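# Secondary and tertiary structure notes
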Amino acid sequence: MIRKPTIKSWRSAEQWLLGSMALALGTVAGIWLLLDPVPMAVPHFAALVLLIASLAASLIMIGLAGRTRRQMEAMLQGRASAEARAIETLRNSEAQWKEVFEHNPVMYFMVDATGTVLSVNTFGAAQLGYSVSELLGKSVLKVFPAEEQLAAKSNVGVCLENIGQTHSWEICKVRKDGSSLWVRENAKAVRRLDNQLIVLIACEDITERKEAENALRQSEMYLAEAQRLSRTGSFGWRAGSDEIIWSEETFRIFGFDKAPSINRATVIQRIHPDDRARVLRTTGRALSEWKDFEHGYRLLMPDGSVKHVHARAHAVKDTSSGIDFVGAVSDVTARKRAEMELHEAQATLAHVTRVTALGELAASIAHEVNQPLAAVVTNAAACRRWLDRDPPDLKEARGTLESIIKDGTRAGEVIQRVRALVNKAPDQKAPLNINDVINEVISLVQHELLNHRISLQLELSPALPLAVADRVQLQQVILNLVINGIEAMQPVMDRPRELMIRTCQDEARQIMVTVKDCGVGLATENADRLFDAFFTTKSGGMGMGLSICRSIVDAHGGRLSASGNAGPGATFHFTLPLDQEGAP
Amino acid sequence: MTGRQASPSLAGAEDPIVFVIDDDSSVREALSSLFRSVGLRVEAFGSAHEFLQLKLPNVPSCLILDIRLPRVSGLDFQAELAKADIHIPVIFMTGHGDIPMTVRAMKAGAVDFLTKPFRDQDMLDAVTAAIERDRNSRDEAKVLSNLHELFATLTPRERQVMALVTTGLMNKQIAAEIGLAEITVKIHRGHIMRKMGAKSLPDLVRMAELLGIGPASGQPQT
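Residues numbered from 1 in each chain as written. Chains lettered and ligands numbered in written order. Predicted model: local features only at pLDDT ≥ 70, side-chain atom pairs only at ≥ 80, totals over all residues. Heavy atoms only, no water.

## With respect to the overall build of chain B
Assigned secondary structure in chain B consists of 9 helices and 5 strands. Of the regular secondary structure in chain B, the N- to C-terminal order runs β-α-β-α-β-α-β-α-β-α-α-α-α-α. Looking at chain B as a whole, 46% of its 222 residues qualify as buried. Of all intrachain contacts in chain B linking residues separated by at least 6 positions in sequence, the fraction that spans at least 24 positions is 65%. Just so you have it, chain B exposes about 11000 Å², and 56% of that area is on carbon and sulfur atoms. (Helix = DSSP H or I, 4+ residues; strand = E, 2+ residues; numbered from the N terminus. Buried < 20%, exposed > 50% of the residue type's maximum accessible area, 1.4 Å probe, protein only. Contact = heavy atoms within 4.5 Å. Areas by Shrake-Rupley, 256 points an atom, 1.4 Å probe, with all protein chains shown as cover.)

## A short note on the overall build of chain A
The helix and strand tally for chain A stands at 15 helices and 17 strands. Counting across all 584 residues of chain A, residues that qualify as buried make up 37%. By sequence separation, contacts in chain A at least 24 residues apart represent 55% of the contacts at least 6 residues apart. Total accessible area on chain A stands at roughly 33200 Å², and carbon and sulfur atoms take up 59% of it.

## Concerning the confidence of the model for chain B
Taken as a whole, chain B shows an average pLDDT of 84; of its residues, 88% reach a score of 70 or greater. Segment residues 217-222 of chain B: pLDDT under 50, and 16 contacts once partners within four positions in sequence are set aside and those in other chains are kept. (pLDDT = per-residue confidence, 0-100.)

## A look at the packing of aromatic side chains
For the structure on display, the rule yields 11 aromatic pairs over all chains. Both rings, one in A:Trp246 and one in A:Phe251, keep their centres 5.0 Å apart while their planes meet at 75°; by these two values the pair is edge-to-face. By relative accessible area, which is 8% here, A:Trp246 ends up buried. Owing to a relative accessible area of 2%, A:Phe251 belongs among the buried residues under this scheme. Judged by centre distance (5.4 Å) and plane angle (75°), the ring pair of B:Phe45 and B:Phe51 falls under edge-to-face. The buried category is assigned to B:Phe45, whose relative accessible area is 0%. The positively charged end of A:Lys210 is found above the aromatic ring belonging to A:Trp182, 4.4 Å away from the centroid. (Phe/Tyr/Trp six-rings, centres within 6.5 Å; stacked < 30°, edge-to-face > 60°. Lys NZ or Arg CZ within 6 Å of the ring centre and 35° of its normal.)

## Describing the sheet that holds strand β3 (residues 61-66) of chain B
Residues and elements named next belong to chain B. Overall, parallel pairing links the 5 strands, which are arranged β2-β1-β3-β4-β5 in an open sheet. In this open sheet, the two edge strands, each paired with only one partner strand, are β2 (41-45) and β5 (110-115). The sheet shows a mean angle of 20° between the axes of neighbouring strands, taken without regard to direction. Across 4 bridges, the pairing between β3 and strand β4 (residues 90-94) is parallel. Across the sheet, the residue bridging to Ile-64 is Ile-91, located in β4. Packing against the sheet, helix α3 (residues 74-83) makes contact with β1 (17-21), β3, β4 and β5, and its axis sits at approximately 150° to β3. (Pairing = 2+ DSSP bridges. Axes fitted to C-alpha atoms, helices over the stretch in contact; angles between N-to-C directions.)

## Structural notes on the interface of chain B and chain A
Contacts between the two partners involve 29 residues from chain B, matched on the other side by 25 residues from chain A. Where chain B abuts chain A, roughly 2200 Å² becomes buried across the two surfaces, and 47% of that area is made up of carbon and sulfur atoms. At the boundary of chain B with chain A, the tally comes to 12 residue pairs in polar contact (both at pLDDT 80 or more). Contributing elements (two or more residues each) for the side of chain B that touches chain A: α1 (25-37) and α5 (120-152) of chain B. (Buried area = accessible area lost by both parts, 1.4 Å probe. Polar contact = N/O pair within 3.5 Å; in protein donor to acceptor, adjacent residues only side chain to side chain.)

## Some words on the packing of helix α6 (residues 156-166) of chain B against helix α8 (residues 182-196) of chain B
Residues and elements named next belong to chain B. Across the interface, α6 lies against α8 with an axial gap of 9 Å and an inter-helix angle of 90°. Taken as axis vectors, α6 and α8 run roughly perpendicular relative to one another. The segment α6 lies against α8, with Arg-157, Glu-158, Val-161, Met-162 and Val-165 engaging Val-185, His-188, Arg-189, His-191, Ile-192, Lys-195 and Met-196. Across the contact of α6 with α8, the residue classes break down as 6 nonpolar, 2 polar and 4 charged. (Parallel < 35°, antiparallel > 145°, perpendicular 65-115°, else oblique. Nonpolar A, V, L, I, M, F, W, Y, C, P; charged D, E, K, R; others polar.)

## Here we look at α3(B)
Residue and element names in this part refer to chain B. Listed in full, the buried residues belonging to α3 are Gly-74, Leu-75, Phe-77, Gln-78 and Leu-81. Seen from one end, α3 has its buried residues packed into an arc of 160°, which puts them on one side. On its buried face, α3 sits against β1, α2 (48-52), β3, β4, α4 (99-107) and β5. One or two positions beyond α3, positive phi appears at Asp-85, with a value near 60°. (Arc of directions from axis to C-beta.)

## Thoughts on the pairing of strand β15 (residues 511-516) of chain A
All names here are of chain A. Across the 6 residues of β15, 5 count as buried, placing the element largely inside the fold. Both strand β14 (residues 497-505) and β15 contribute to a ladder of 6 bridges, which runs antiparallel. Across the sheet, residue Gln-505 finds its bridge partner in β15, namely Ile-511. Turn length for the β14-β15 hairpin, with the two strands adjacent in sequence and antiparallel, is 5 residues, and the turn residue Arg-509 shows positive phi of about 65°. Judged from the 6 bridges that link them, β15 and strand β17 (residues 570-576) form a sheet pairing that is antiparallel. Bridging across to β17, Thr-514 finds its partner in His-573.

## Considerations on unusual backbone geometry
Here the amide bond leading from A:Asp390 into A:Pro391 is cis, since omega sits at 0°, within 30 degrees of zero. The topology assignment puts A:Pro391 in the loop between α11 (362-388) and α12 (394-422). Look at the link from B:Lys116 to B:Pro117: it is a cis peptide, with omega at -10°. Topologically, B:Pro117 is positioned in the loop between β5 and α5. Phi is positive for A:Asn195, close to 70°, though the residue is something other than glycine. A relative accessible area of 51% means that A:Asn195 is categorised as exposed.

As structure tokens, this is what we get:
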């Protein structure tokens, strides 16, 4: 705009110059012709020609110069318009960039070396709840919480020390309303044309990511904590590469140092030698069948201690991670120990009640021993008398001796049976005939039945399969049920006291033992509590008998139940599973 | 179960018999052997019921009874026997002798009460004593029944006189008492002495005592 008039005036000056030159030449020629037109001497002519030639040359020159000038003019004209266009473009671009700068969802700050805000984009200010003017000229520390200000200062300091280098960091900012936001800042110190050092900062809001990260970290922490508390570790098994990925807790359970992964052989090494084959079988089968699996086994730790663990795994197909099984492994040592202690306590309790029951039967048992003993003594006396005869009656003497042997053995058997009941032997499950067990118990209570004028009906099915059970424990159950029956019939005066013991196989082919009395029966309100510990309707009862009977039957995989009879009395049944082939 | 174990010499013999009732066959057999070894006849039973099926022979005998028997106790059985007028000496055996039971048994007339296991000699002594007692009571019963038979031969007047004589009255007093002549009383008295087989007045008095003849009545009190 400024140069155009200059170019025009310059062109008119040129035209003026050419015109005045042509005029000057014409004037010179005219003067010369007027003053000396006739004597046309050669030198004069030559000078004239020269003059004309120079005039012509001037004209040509003027023409040329005009053309060049026009050309230059045109060129200058084009350049000016390109410049104008460039300026226009620049203006547009600046507006665009300004737009970008102001409204880009990135916060831009420009601060000086002291941290004073020189510039901030609208978005940046808005994100922090301020207007641009509220921040300009203020210390940038205003947007940092007290605890982050030091970090903010040092970050700026680092940039200033390394001019031109980009630095980035994550930091927490505070909004005008006091709420905080997490940002990731990229910053660089530059020297301005006026030699002032400034720091350009672009920050992006990462609050969401940070929160997600925090949530994830927290969730991971909770998970780790939960794993630690529940003593349950997790694992992933990449069968293809024989890699097992463990959680921290799993490493702790197995007593290995934390590593990214562990191979199966190392794990197997830690498994109790007695359980190794079984674990390999289970995992091998799971792998070949691609099926979920669950198993319990023991670990033999380097210090010689034994841990009980229980593992469950789920077959997955996660191609991205290559994991084939995902599972959890729990340290159940404490539970196992508690179970063992409980079992021990139950055994002790069972033993106590057994001995108590035997105490109640003392008279009966004494009788059972005394009878053969009396026979032995009498036979021995008779034997002596047969021998003292003249002549000695050896045949009779031998007969008495045979009886002595038989009766002595019988007394011994009774004592053995009692001792077995009194002894606190560990579980010894073996296949047995339930009828034998019943007969053994009957031999101990025979006299008790007699004393209470109870007639016993035995309906023992002869063709029963064997049951796997602990003989003494089953004797205890039957003994208890028989004693209960006897006691229930004690008040009965108006009808025969009958106790029936029956064995049979139920619909499920399980062995079923029934003990039926015709005593006082079950009160309906007590039926539910019958098997509860410490529940008793007897004045001298401890209330453990039926409770222990049930736990014994349960431990054998059977079921003990009671029901009232249609007539007077109650019936107790219990079932026992059969000795199945291959059963442990 | 049939617990009867007849001894070979049972048939037709007059020897005493020992009866045993015990539900335990071992004890029964042992006792049988013991008694047989000393030459006693034995019959053993598993229950009171089996014993009652037997017609008891008229020989000195005794019963050895276990105090605890199936269905009916030994003590109850003893009472049952008494009620049925079967008077047989009873020796009780028990696994554990308790005092109330012993007292009850002895009061009911048990000869002895033995606790199992017992000494053979104690048992044999008890059996011997019981059989002796049974023999005596059987003898006494025999004497008494003879006396009853003799007494039955007396006329009512003679019975009246006998009652008065045995209370110690003189003939004259008797005559006054019943309004007869003294001589008539004397004749009755002679008949009485002869019929009763009395050798002397004290003999007759003893007979009267056995017959339970009181001064108030001329009839035996049994």
